[in-house]
Amino acid sequence: SVDVLLHSEIIHVQTNTGRLSSRNPNIQNWSSGGIKKCCISRWGDKGSIVEIDACQLEIICQAYLTQDERLRVEVSKGTDFHCLRLAAKSGESYETVYHLCKVEKDPGWIHQRKKVKEFSFQRSYGAGSKAISASTGMTEEDVKALIVAEDNLFPGVKLYNEANIDEINRSKKLIIKNGETIM
């Protein structure tokens, strides 16, 4: 047994998406239960190690902001949105995809769900098809198919995003600093 005190750095400003990240070590990417398996509290039996995951927080916020009725219903039901998006893309039923990913744990379907999960987070933060394709290794055609499937599933989200883009374009101001146009 080796006693090492971990002081991971929590970074508030480094990701392109605005999410928190960590390093030295990056404890955010440890598998579920990973911290508890290899770490103990410095206070021994009187202390505890806690892992918290705000499950699908981006999607819950999106449902609240957009008021998309289907999205709100699916959040209330506890739907796995990565399986739902994969079902929409693949043409399989949600129940089939959920079973393949979560019950049978089929490696091929798990891999596809992982790619859809990466897509989901990037879409939540406004990434487009080219950026998502470049960072996930998915073809741009696959990414565009997921976008179409998502727009069909949740039309209120698409309308909300379009309204925000219109408002940004309408209200933006040209800024000139030291004779150089910034925006």
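Structure's up top.
Described below are features of the structure shown in this document. (Residues numbered from 1 in each chain as written. Predicted model: local features only at pLDDT ≥ 70, side-chain atom pairs only at ≥ 80, totals over all residues. Heavy atoms only, no water.)

Brief notes about the packing of helix α7 (residues 129-136) against helix α8 (residues 140-153)
Here's step 1: Taken N-terminus to C-terminus, the directions of α7 and α8 make an angle of 125°; their axes are 9 Å apart at the nearest point. In terms of their interaxial angle, α7 and α8 are classed as oblique. Seen from above, α7 lies across α8 with right-handed handedness. Between α7, through Ser-129, Lys-130, Ile-132 and Ser-133, and α8, the contact on the second element is made entirely by Glu-140, Val-143, Lys-144 and Ile-147.
Here's step 2: Tallied by class, residues from the contact of α7 with α8 come to 3 nonpolar, 2 polar and 3 charged. (Axes fitted to C-alpha atoms, helices over the stretch in contact; angles between N-to-C directions. Helix = DSSP H or I, 4+ residues; strand = E, 2+ residues; numbered from the N terminus. Parallel < 35°, antiparallel > 145°, perpendicular 65-115°, else oblique. Left-handed = near helix turned anticlockwise from the far one by under 90°. Contact = heavy atoms within 4.5 Å. Nonpolar A, V, L, I, M, F, W, Y, C, P; charged D, E, K, R; others polar.)

Some points on the pattern of salt bridges
Here's step 1: Applying the stated criterion to the full structure yields 14 salt bridges.
Here's step 2: Two residues, Lys-114 and Glu-118, come together in a salt bridge whose shortest N-O distance is 3.8 Å. You can see Lys-114 and its partner Glu-118 sitting in helix α6 (residues 107-124), 4 residues apart, about one turn around the helix.
Here's step 3: Taking the relative accessible area as the measure of exposure, Glu-118 reaches 23% and is therefore partly exposed.
Here's step 4: Among the charged side chains, a salt-bridge network with shared partners connects Arg-85, Arg-123, Glu-150 and Asp-151. (Salt bridge = Lys/Arg side-chain N within 4 Å of Asp/Glu carboxyl O. Buried < 20%, exposed > 50% of the residue type's maximum accessible area, 1.4 Å probe, protein only.)

Some details on the environment of Phe-119
Here's step 1: Mapped onto the secondary structure, Phe-119 falls in helix α6.
Here's step 2: Separated by 13 residues in sequence, Phe-119 and Ile-132 have C-alpha atoms that sit 6.4 Å apart.
Here's step 3: Ignoring any residue separated from it by four or fewer positions in sequence, one finds Phe-119 in contact with Arg-85, Ile-132, Val-143, Leu-146, Ile-147 and Glu-150.

Section: the packing of aromatic side chains
Here's step 1: As enumerated under the stated definition, the model contains 2 aromatic pairs in all.
Here's step 2: On the numbers, 6.1 Å between centres and 50° between planes, the contact of Phe-81 with Phe-154 is tilted. Residue Phe-81 is located in helix α4 (residues 81-90), and its partner Phe-154 is located in the loop between α8 and α9 (155-171); the two are separated by 73 residues in the primary sequence.
Here's step 3: Owing to a relative accessible area of 1%, Phe-81 belongs among the buried residues under this scheme.
Here's step 4: Relative to Tyr-98, the ring of Tyr-94 lies with its centre 5.9 Å away and its plane at 40°, an arrangement referred to as tilted. (Phe/Tyr/Trp six-rings, centres within 6.5 Å; stacked < 30°, edge-to-face > 60°.)

Some details on unusual backbone geometry
Here's step 1: For Gln-67, which is not glycine, the phi dihedral falls at a positive 60°.
Here's step 2: The topology assignment puts Gln-67 in the loop between α2 (57-66) and α3 (69-77).
Here's step 3: Residue classification places Gln-67 among the partly exposed residues on the basis of a relative accessible area of 40%.
Here's step 4: Residues other than glycine seldom take positive phi values, yet Lys-105 does so here, at roughly 55°.
Here's step 5: Take Lys-105: it is sitting in the loop between α5 (94-103) and α6.

Looking at the nonpolar core
Here's step 1: Membership of the largest hydrophobic core comes to 15 residues, with the highest contact counts inside it found for Leu-86, Val-97, Cys-101, Trp-109, Phe-119 and Val-143.
Here's step 2: Counting residues in each nonpolar core, the second largest holds 8 residues, with Ile-59, Ala-63, Leu-84 and Val-157 among its members. (Core = buried A, V, L, I, M, F, W, Y, C linked by side-chain atoms within 4.5 Å.)

Coordinates in, geometry out; function isn't part of it.
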